[in-house]
Amino acid sequence: MNRGSLTRDTRAAATELGYIFTFLLGVLLMSMFSVWAWDIETNTRLRWNEEAIQANMDDIAAAVERADEASRLGGNISYAEEISWRPTEADESLFWLELHDTALILIDEGGPLDTEISLSGTGAGTHEGRVPLAGVERLWVVHDDGITFLSLDRPQAVQ
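Residues numbered from 1 in each chain as written. Predicted model: local features only at pLDDT ≥ 70, side-chain atom pairs only at ≥ 80, totals over all residues. Heavy atoms only, no water.

(A) Spatial organisation of the overall build of the protein. What the protein contains, in helices and strands, is one helix and eight strands. For the protein, the α and β elements follow one another from N to C terminus as α-β-β-β-β-β-β-β-β. A compact globule built from 159 residues would reach a C-alpha radius of gyration of about 15 Å, whereas the protein, at 31 Å, exceeds it by more than 25%. Expressed along its principal axes, the backbone C-alpha trace of the protein runs to roughly 120 × 30 × 20 Å. (Helix = DSSP H or I, 4+ residues; strand = E, 2+ residues; numbered from the N terminus. Rg over C-alpha atoms; globule rule 2.2 N^0.38 Å.)

(B) Summary view of the sheet that holds strand 8 (residues 147-151). The strand order across the open sheet formed by four strands is 1-7-8-5, and the pairing between neighbours is mixed. Unpaired on one side and paired on the other, strand 1 (79-84) and strand 5 (126-128) mark the two borders of the sheet. Between one strand and the next, the sheet's axes are offset by a mean angle of 15 degrees, whatever the strand orientation. As judged from the three bridges shared by strand 5 and strand 8, these two strands associate in the parallel manner. Across the sheet, residue H127 finds its bridge partner in strand 8, namely T148. Its contacts with the sheet put helix 1 (residues 11-71) on strand 1, strand 5, strand 7 (138-144) and strand 8, and the angle it makes with strand 1 is roughly 170 degrees. (Pairing = 2+ DSSP bridges. Axes fitted to C-alpha atoms, helices over the stretch in contact; angles between N-to-C directions. Contact = heavy atoms within 4.5 Å.)

(C) Expanded view of the packing of aromatic side chains. Under the definition given, this model contains one aromatic pair. An angle of 45 degrees between the planes, with centres 5.6 Å apart, marks the rings of F33 and W36 as tilted. Within this pair, F33 and its partner W36 are both found in helix 1, separated by three residues, close to a single helical turn. Overall, the relative accessible area of 46% leaves F33 in the partly exposed class. (Phe/Tyr/Trp six-rings, centres within 6.5 Å; stacked < 30°, edge-to-face > 60°. Buried < 20%, exposed > 50% of the residue type's maximum accessible area, 1.4 Å probe, protein only.)

(D) Spotlight on the layout of surface pockets. The calculated volume of the largest pocket comes to roughly 210 Å³. Taken together, 14 residues form the lining of the largest pocket, with L46, N49, A90, P112 and L113 sitting closest to its centre. With four residues, the top contributor of residues to the lining of the largest pocket is helix 1. Here the lining of the largest pocket is composed, by residue class, of six nonpolar, four polar and four charged. (1 Å grid on protein atoms, 1.4 Å probe; cavity = no way out; pocket = protein on both sides within 12 Å on 5 of 7 lines; lining within 4 Å. Points joined across faces, edges and corners; volume = space filled by probe spheres on them. Nonpolar A, V, L, I, M, F, W, Y, C, P; charged D, E, K, R; others polar.)

(E) Up close: the environment of L119. In this fold, L119 is placed in the loop between strand 4 (115-118) and strand 5. Taking the C-alpha atoms as reference, L119 lies 8.6 Å from H100; in sequence the two are 19 residues apart. In this structure L119 touches A61, V64, E65, L99, H100, D101, T102, A103, L104 and H127, once residues within four positions along its chain are discounted.

(F) Representation of the sheet that holds strand 6 (residues 130-132). Strand order in the open sheet made by the four strands is 4-3-2-6, with antiparallel pairing throughout. Lying at the two open borders of the sheet, with one neighbouring strand each, are strand 4 and strand 6. The average angle at which neighbouring strand axes cross in this sheet is 15 degrees, direction not considered. Where strand 2 (residues 95-99) meets strand 6, three bridges bridge the pair, whose relative direction is antiparallel. The partner of W96 across the bridge, within strand 6, is P132. The strands that helix 1 touches are strand 2, strand 3 (103-108) and strand 4; relative to strand 4, the one it contacts most, it runs at about 30 degrees.

What follows is the structure, given as structure tokens:
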């Protein structure tokens, strides 16, 4: 028969505790990494939204300036220009675009993406208009009958 005696061996317990602490350290590091990666992704998305919105606003402001230039030619001038709206990952159902005599303003009712672009305001007419940007792929800058305005619908040709 095999006779043995019980001894107080703590090496196995120390090894198990080492495994547990190593596992917990791994969980901690992975958690920190996932929070870090999520933060990078969120900031990148916000930066891309800001850049897309700025490019959209610059395109629309340039079209308004061209409409103002056409309005200064005199007579009964009509002008229309189509602008493609670059999509963003922001909630565009909360976006409104307002045209004033000296400013083009994007209103973001749900976030930090409010933007304002200055306009020269040198057109022969006035600027007005407010359009929602929910689901918009393109919009129009129109000058007709002394008024420069924004439209979601293609203007009809006058015959």
